[in-house]
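# Descriptive analysis of the structure
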Amino acid sequence: MNKNLHAFGLGIGTIDRSGKWLEVFFPCPILDPSEEIRRVFSGFENQQIISKARLGSLTEELRELNLHGEADLAERVATSSKPVVAVCLSENSPPRSVPEAYLKLHLLSHRLVRPHGTDLSGLFGILRNVVWTNDGALDPEELDEHLFKARIANKTLTVYSVDKFPQMCDYVVPSGVRIANSARVRLGAYLGEGTTIMHEGFVNFNAGTEGTGMIEGRISAGVTVGSGSDLGGSCSTMGTLSGGGEEVISVGKQCLIGANAGTGIPLGDRCTIEAGLYVTAGTRVTLIDSNGESDETVKAKSLSYVSDLLFRRNSVTGAVECLINRNEIELNTELHDN
Amino acid sequence: MNKNLHAFGLGIGTIDRSGKWLEVFFPCPILDPSEEIRRVFSGFENQQIISKARLGSLTEELRELNLHGEADLAERVATSSKPVVAVCLSENSPPRSVPEAYLKLHLLSHRLVRPHGTDLSGLFGILRNVVWTNDGALDPEELDEHLFKARIANKTLTVYSVDKFPQMCDYVVPSGVRIANSARVRLGAYLGEGTTIMHEGFVNFNAGTEGTGMIEGRISAGVTVGSGSDLGGSCSTMGTLSGGGEEVISVGKQCLIGANAGTGIPLGDRCTIEAGLYVTAGTRVTLIDSNGESDETVKAKSLSYVSDLLFRRNSVTGAVECLINRNEIELNTELHDN
Amino acid sequence: MNKNLHAFGLGIGTIDRSGKWLEVFFPCPILDPSEEIRRVFSGFENQQIISKARLGSLTEELRELNLHGEADLAERVATSSKPVVAVCLSENSPPRSVPEAYLKLHLLSHRLVRPHGTDLSGLFGILRNVVWTNDGALDPEELDEHLFKARIANKTLTVYSVDKFPQMCDYVVPSGVRIANSARVRLGAYLGEGTTIMHEGFVNFNAGTEGTGMIEGRISAGVTVGSGSDLGGSCSTMGTLSGGGEEVISVGKQCLIGANAGTGIPLGDRCTIEAGLYVTAGTRVTLIDSNGESDETVKAKSLSYVSDLLFRRNSVTGAVECLINRNEIELNTELHDN
């Protein structure tokens, strides 16, 4: 993780009745803004609402510095009927406010930083639980009143979710992706060009895909999937947030995790897990060599990051086996090193 | 189930072209209303639309009885441009109408009664199949016309579902919960304070959680989950509606059902089912004692409600095993009692 | 597949900034239109936008031919503020344009042709990736601008999906179905009368159900399910699009695929797959005869289309077994024929 990450964003947000930020949308977040930009926005650490007047003078200041892109942005957000905020991060430290947290999540979904590339420590404590509706973001405390009012007025207030994270697609859809159900990709997901998230697919924040790939399974928080890998329907990758232990799971390139299968270990490249088989770190796996003979039994954990493996459950003996497709020697070497 | 349940609600609903109720929203359902309230609303058994005039006189009547909360409610719903209905249940009998059914579902989701606490016999026969859209509830018979009209007018009519149950969050969001995808929690679900329903979680009506817990699996109709229990991604609890037999499944406190796992038996407290393992009532399970030795094989059904169990599939022999974590003797006693 | 399929539709669609079709809604698609209709619409092969004037003269022409239903349709779409298009297919050939592709998908969802009944070759190359929002269909290239604009105007632009297929229910809801989450049924799905798609159910295009059935699992592209069959929660049917090989999977009548189970072979009638068991074509299955004795081990593929089978994993030995419920002889005959 780069300690010197700098980032900047001018955002439009929603506040609750007491004036506290619920969420912020950053149309054009910037990684590594120039020193000039950082200097202009150095006085905005408190992330208070910026007045129209201040936005006007900021626009002028930016124009004078020939920062026309930023000036245009400032000019445009000044026309917003919603509150405007500026966030300028000068180092890669944990988020201290809702605007900072949202900027960091935007950086991920805009592909400006990769998963684990920005410090998200304490994120859950910073983010507000928000009711996401067809009428925007609402404070849960205020929902009852909104629901009642809408009914009386014969309006439909639809609640999409009550969550600390919004769905990514309402903030940004990166180029070259398909997402069959937006409700299943959180802001903060990183989706590489050529990724398809099918209806059963799911991607948490600070997690995602490197490139092409058909994702019909669940990419848990922190998990990354290499390019060319397919995750079958309802397959599972164990997250560190929910019982998966300390080790961060990853899936290498050109892997195939079958439907209803799962992994509790990081996989190397070109690995396959048979449909319906869940490999956890503690699964004792019988290794099968290229002659079809079993040589030894190891814990799946010891096969972490090894490439060219095929995991299956022998349907006659019930034993979980691991076939070494290729590169057998390489594998054994790695095994002995562990 | 308490036979003497009383409940009252003043609701705002939707009717179809022929004047029949499609759904009703009760902003403030009341359990155990006072006898005075019951007397005031005793003449509304037919659940016909209440006129503005009648609401006006009701408001006065309630004020005279010093029932100011109810008077305020009556006054407020009188301003609705949608039809108003009153439901006063005087015993815990099966629902006889759409308004009665909706009041009962509200009682559950408002945490006024627990799952199985109100008689829902014949519910499916009473509830209407409704098209739930961004333009409110529609009669399926009328949908074609609505879709055509919307297109001609360049409006977007989005159909969220075609179902007998609406999503809970459009009616009530109880305090202290997160629900990552509202489409997956039906009205009539009971979610205890501190419950998180993740994207893959699902909660049917007359089912739910006692308190804290991370739900990424499916809570079928009638199933209850104790506090402190986690349901892993896509895990399954068998419902009596869909092939799960007569026995109502429940999950005790501090249990962990792994991702892609499932249970067809009621679990005691502190039980674990390994990721990917589905334990059905008929699964023959090899018991493993605290010395790691197997003593006997029993049907999983006989382990119903027993606490401190760990279910796993031995990945070398393929056998489903049950480890007795603690309280071994207690377990054996219970086993022999069965 | 009938080579001589004829179909006709007058649709209302959405175009992008450059005038290209994104999607088309056909309120009343017609299979086997009369020769008169075909003659009237023979000049519309290019599927360009039809002007109001032209729609007026078409209406007159249709009235003169006593085609009053079609004349009414033409008259009505002429009032649309969105572009109108006519598609007249004269043979069952691959779709060549977005309007043709959409008409074919409509034919399936309107139950005018069954899955595999219309040639969909090259469909993915024809369909546009579209952003489906509460404000209609948008070109992904234009989304950033729309999101920014909406925020400035304090409007909520919700993105439902970014996909080549819209959800079926925004185009047609066939009679007698329940669909608990519209996001999980693509346009082009074929749902027979009496089908319930629960929250966990999913139906891809060119796939579906014959009749009654409770679908809580995934019906992949090309897969068909016979009447009276239940698919348990999260169960999987392998599709040819995603690693399922060449063979098109089907499920016969009155089958039960348990929760979290799956099939990689076509099933006959009255087959059961136990909850949690994934049967792939290569699974070696031990056959169990009516005396409970195992006679032989075969690849599951050889049991394709055989009726009255019960698949389970022996929870003591770990072996995948297949019980022959009835009609044992019939089974063996079929087996030997393979």
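Refer to the structure above for everything that follows.
The paragraphs below set out a description of the structure included in this document. Worth saying up front: this structure is predicted, and the values here are computed from it rather than measured.

What chain A contains, in helices and strands, is 7 helices and 26 strands. The principal-axis extents of the C-alpha atoms in chain A amount to approximately 75 × 55 × 30 Å. Burial statistics for chain A: of 338 residues in total, 61% are counted as buried. Summed over all atoms, the accessible surface of chain A reaches about 12,600 Å², with 47% contributed by carbon and sulfur. Between the centroid of the 31 positive side chains of chain A and the centroid of its 42 negative side chains there is a distance of 6 Å.

With 13 residues, helix H6 (residues 140-152) of chain C extends 19 Å from end C-alpha to end C-alpha; this agrees with the ideal 18 Å at 1.5 Å per step. Just downstream of H6 of chain C, Asn154 of chain C is the residue with a positive phi angle, here 55°.

This next bit is on the pairing of strand S26 (residues 320-324) of chain A. All names here are of chain A. The element S26 is largely enclosed, with a buried count of 4 among its 5 residues. Here strand S23 (residues 284-288) pairs with S26 via 3 bridges, running parallel. Paired with Thr286 across the strands is Glu321, a residue of S26. Sheet analysis places strand S25 (residues 309-313) next to S26, joined by 5 bridges and oriented antiparallel.

Residue and element names in this part refer to chain A. Strand order across the open sheet formed by 4 strands is S9-S12-S15-S18, with parallel pairing between neighbours. Of all the strands in the sheet, the pair left with one neighbour each is strand S9 (189-191) and strand S18 (250-251). Relative to S18, strand S15 (residues 224-225) runs parallel, the two being bridged by 2 bridges. Counted as the bridge partner of Val225 is Val251 from S18.

For these two chains of identical sequence, chain C goes onto chain A by a turn of 120° and a shift of 0.0 Å along the axis, with RMSD 0.0 Å. This pairing of chains is accounted for by a three-fold axis. Minimal C-alpha separation from the rotation axis in chain C is found for Gly318 of chain C, amounting to 2.3 Å. Looking at chain C, a mere 16% of its interface residues are interface residues in chain A too, so the copies touch through different faces.

Accessible area lost during the coming together of the parts is what is often quoted as the interface size. The interface is formed by 44 residues belonging to chain C together with 44 residues belonging to chain A. When the area that chain C buries against chain A is broken down by residue, the three leading residues are Phe148, Arg151 and Ile152 of chain C, summing to 22%. Between chain C and chain A we count 4 salt bridges in total. With its nearest N and O atoms 3.8 Å apart, the salt bridge here joins Arg178 of chain A to Asp163 of chain C. The tally of links from chain C across to chain A stands at 23 residue pairs in polar contact (both at pLDDT 80 or more). Elements that contribute at least two residues to the side of chain C that touches chain A include exactly H6 and strand S7 (159-163) of chain C. Ranked by the residues each element gives to the side of chain C that touches chain A, the list is headed by H6 of chain C, at 7 residues.

With that settled, the discussion passes to helix H3 (residues 68-77) of chain C. By the burial criterion, the buried members of H3 of chain C are Glu70, Ala71, Leu73, Ala74 and Val77 of chain C. What you see down the axis of H3 of chain C is that its buried residues fit within an arc of 160°, all on one side. Taken together, the buried residues of H3 of chain C touch helix H6 (140-152) of chain B together with strand S1 (7-15), strand S3 (30-31), helix H1 (35-40), helix H2 (52-64) and strand S4 (84-89) of chain C.

A few words now on the side chain of Ser234 of chain A. Following the sequence through the fold, Ser234 of chain A ends up in the loop between strand S16 (229-231) and strand S17 (236-237). Beyond its immediate sequence surroundings of up to four residues, Ser234 of chain A is in contact with Glu200, Glu216, Gly217, Arg218, Asn260 and Ala261 of chain A, Ser234 and Asn260 of chain B together with Arg218 and Ser234 of chain C.

Next up on the list: the relation of the copies chain B and chain A. When chain B is fitted onto chain A, the two copies agree to an RMSD of 0.0 Å after a turn of 120° and an axial shift of 0.0 Å. Counting the interface residues of chain B, we find that no more than 16% of their copies in chain A are interface residues as well, pointing to two distinct contact surfaces.

Residues and elements named next belong to chain A. Inspection of the secondary structure puts Leu256 in strand S19 (residues 256-257). A relative accessible area of 40% means that Leu256 is categorised as partly exposed. In this structure, the C-alpha to C-alpha distance between Leu256 and Val306, residues 50 residues apart in sequence, is 14 Å. The residues contacting Leu256, other than those within four sequence positions of it, are Asp230, Cys271, Thr272 and Ile273.

Interaxial distance between H6 of chain B and H3 of chain C falls to 10 Å at its minimum, and their mutual angle equals 45°. The pairing of H6 of chain B with H3 of chain C is recorded here as oblique in orientation. Within the contact between the two elements, H6 of chain B uses Glu145, Phe148, Lys149 and Ile152 of chain B and H3 of chain C uses Leu73, Arg76 and Val77 of chain C. Of the residues that constitute the contact of H6 of chain B with H3 of chain C, the class distribution is 4 nonpolar, no polar and 3 charged.

By the definition in use, this model includes 48 salt bridges over all chains. In this structure, Arg63 of chain B and Asp72 of chain B form a salt bridge, with 2.8 Å as the shortest nitrogen-oxygen distance. Connected via shared salt-bridge partners are Arg184 and Glu200 of chain A, Arg184 and Glu200 of chain B together with Arg184 and Glu200 of chain C.

What counts and what doesn't
Residues numbered from 1 in each chain as written. Chains lettered and ligands numbered in written order. Predicted model: local features only at pLDDT ≥ 70, side-chain atom pairs only at ≥ 80, totals over all residues. Heavy atoms only, no water. Helix = DSSP H or I, 4+ residues; strand = E, 2+ residues; numbered from the N terminus. Buried < 20%, exposed > 50% of the residue type's maximum accessible area, 1.4 Å probe, protein only. Areas by Shrake-Rupley, 256 points an atom, 1.4 Å probe, with all protein chains shown as cover. Lys, Arg positive; Asp, Glu negative; His and termini not counted. Charge placed at Lys NZ, Arg CZ, Asp CG, Glu CD. Expected span 1.5 Å × (residues − 1). Pairing = 2+ DSSP bridges. Least-squares fit on C-alpha atoms with pLDDT ≥ 70 in both. Contact = heavy atoms within 4.5 Å. Buried area = accessible area lost by both parts, 1.4 Å probe. Salt bridge = Lys/Arg side-chain N within 4 Å of Asp/Glu carboxyl O. Polar contact = N/O pair within 3.5 Å; in protein donor to acceptor, adjacent residues only side chain to side chain. Arc of directions from axis to C-beta. Axes fitted to C-alpha atoms, helices over the stretch in contact; angles between N-to-C directions. Parallel < 35°, antiparallel > 145°, perpendicular 65-115°, else oblique. Nonpolar A, V, L, I, M, F, W, Y, C, P; charged D, E, K, R; others polar.

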